[in-house]
Amino acid sequence: METQSSIPFLLRISSIHVGILRSDFLYDHSMRITFMGYINGRMRGNVRIIFLCVVSVNFGVGRAAMVMFRREFGIVVMMDILEVACLILVTGAAGYIGSHTCVSLLEAGFDIVAIDNFANSKPEALSRVQEITGKTFSIHSVDMLDAKALDAVFAEENMEAVIHFAGLKAVGESVAQPLRYYENNLVSTINLCKSMKKHHVNKIVFSSSATVYGAQEQVPLREDMPIAPVNPYGQTKAMIEQILRDIAVADDQFGAALLRYFNPVGAHGSGRIGEDPQGIPNNLVPYVAQVAVGKRAELTVHGGDYDTPDGTGIRDYIHVMDLAEGHVKALSWVLNHTGAEAFNLGTGKGSSVLEVVHAFEQASGVRIPYHIGPRRPGDAARSFADPSKAQQVLGWRATKTLDDMCADTWKWQKQNPNGYGE
Ligand SMILES: O=c1ccn([C@@H]2O[C@H](COP(=O)(O)OP(=O)(O)O[C@H]3O[C@H](CO)[C@@H](O)[C@H](O)[C@H]3O)[C@@H](O)[C@H]2O)c(=O)[nH]1
């Protein structure tokens, strides 16, 4: 496996522009391959025509470095004969990781189609994605258990690939309601794969989870370790990974990136989008943020007697914007590859519960009251990634620190004490 970053694209003749060339003219439009005819100003019988073929398929990298003419006068004829229109379906787009990934996709130059049933998320998240990026996209309010409604989206839009986030995700709830989890997560994915096949869409990035590893003794966790999920939520992630692997065996055009996230936290740097848990947060950082903003009295630390330096559990927290960038890299990879591959998306560095609490206190300037309670059933003492495969194959690595994660979470929480509201 080698790092690969070129992007396939659709070609279409889009437009012809004729204009006056001024000094420092800059034609800056990523995502286009532009064929330029330049007629210079000295029209003395020997009109010189210079054809330049300008290639920009860099999805945002070095946009401004495209073409610069330094001529005082002249006529420029620009014919956009080829246009990249790489349209990506994002399922569960309004969710926490989905909405942040939409921002990264749009900023990288992809077009998106968003679908969500808004069972656990708010349309406001997508309005804010449009506000942050200044870009619009179509939004379909669709429950993926409704195969017909889902297929209608495929019939209407001409997608290249899918990023599949949609699914139920609460571990405790999955133990209490296993059938609901198996039905929702598996049937919606099967409906998705059927529509993909019918409409010849054969590339997918799947939102898996480090939870598929279960309670492993050995850390860091590597993709080639056997997986052994310990709750129905984790089982659904492992089963979907297997479904996608099986499709890849049956269809040699099919490509799937299975992204195993560690502990996503943080928010977009604008503070406009972030995690908006329903009810009492199950996860550490949203809970700490709600204590800091005064919505909860104190944190219960689940166990202070683990075999770790301060006795509290260790996890690999990863900034949600690093994770979002990981999806863009995985998408670029999957568009150029077939087969199914799992990738850990983590930092490779573990932090204890108390380290998180103290980093949050630093970032917010607010003291976080806590007490040490009993261990939470099913929790491992430590879990962190070996992220080297994603680095080598996708060319991705996390860059943000725990302090960045806490600062951005705090900004979001302070600006939006009630999340996206009603
Ligand atoms: O109120 C709380 C909540 C959590 N913790 C501790 O904080 C750490 C992190 O817990 P949490 O934020 O709930 O994350 P995980 O239990 O590691 O699970 C997350 O990470 C998994 C991936 O490894 C995902 O699959 C899960 O969906 C996601 O909830 C653990 O040591 C917990 O015991 C507390 O002490 N108090």
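Residues numbered from 1 in each chain as written. Predicted model: local features only at pLDDT ≥ 70, side-chain atom pairs only at ≥ 80, totals over all residues. Heavy atoms only, no water.

Formally: UniProt positions are given in the numbering used here, feature names are shortened, and annotations may be inferred rather than shown by experiment.
The protein carries the name UDP-glucose 4-epimerase in an unreviewed UniProt entry, which gives Alicyclobacillus sacchari as its organism. According to UniProt, the comment filed for the protein under the heading Catalytic activity (unreviewed entry) is "UDP-alpha-D-glucose = UDP-alpha-D-galactose". Recorded in UniProt under Cofactor (unreviewed entry), the annotation for the protein is "NAD(+)".

1. With respect to the site of the ligand
Put simply, the rule is: Note on terminology: near, applied to a residue and a molecule or strand, indicates that one of the residue's heavy atoms is within 4 Å of it. Counting of polar contacts relies on pairs of N or O atoms within 3.5 Å, with two restrictions inside protein: one atom must be capable of donating a hydrogen and the other of accepting it, and residues adjacent in sequence are counted only when both atoms are side-chain atoms. Areas reported here follow the Shrake-Rupley algorithm with a probe of radius 1.4 Å; residue values treat only the protein chains shown as occluding. Residues are sorted three ways: Asp, Glu, Lys and Arg are charged, Ala, Val, Leu, Ile, Met, Phe, Trp, Tyr, Cys and Pro are nonpolar, and all the rest, Gly among them, are polar.
In the neighbourhood of the ligand, 20 residues make up the surrounding shell, with Ser209, Asn283, Arg315, Arg376 and Asp379 lying closest. Thr300 places a polar main-chain atom, nitrogen or oxygen, 2.8 Å from a nitrogen atom of the ligand. Between the ligand and Asp379 there is a distance of 2.5 Å, counted from an oxygen atom to a side-chain nitrogen or oxygen. In isolation the ligand exposes 690 Å². Once the protein is present, 88% of that is buried. Partitioning the shell around the ligand into residue classes produces nine nonpolar, eight polar and three charged.

2. Observations regarding the pattern of salt bridges
What counts, and what does not: Between Lys or Arg on one side and Asp or Glu on the other, a salt bridge is scored when a side-chain nitrogen of the former is within 4 Å of a carboxyl oxygen of the latter. Comment: elements are numbered from the N terminus, with helices defined as DSSP H or I runs of at least four residues and strands as E runs of at least two. Exposed residues in this analysis have more than 50% of their type's maximum accessible area, buried residues have under 20%, and partly exposed residues fall in between, with area computed by a 1.4 Å probe over protein chains only.
In the structure shown here, the tally under the stated rule is 13 salt bridges. Between Arg272 and Glu131 there is a salt bridge, with its nearest N and O atoms 2.7 Å apart. Of this pair, Arg272 sits in the loop between β13 (263-265) and α7 (284-292) while Glu131 is found in helix α2 (residues 123-133), placing the two residues 141 residues apart along the sequence. Judged by relative accessible area, which is 44%, Glu131 ranks as partly exposed. Put simply, Arg315 and Asp379 hold a salt bridge, and the shortest N to O gap is 4.0 Å. Of the two residues, Arg315 sits in strand β15 (residues 314-315) while Asp379 sits in the loop between β19 (370-373) and α10 (388-394), which places them 64 residues apart along the sequence. In this structure Arg315 comes out as buried when scored by relative accessible area, which is 15%. A single network of salt bridges, built from pairs that share partners, joins Arg222, Asp224 and Asp386.

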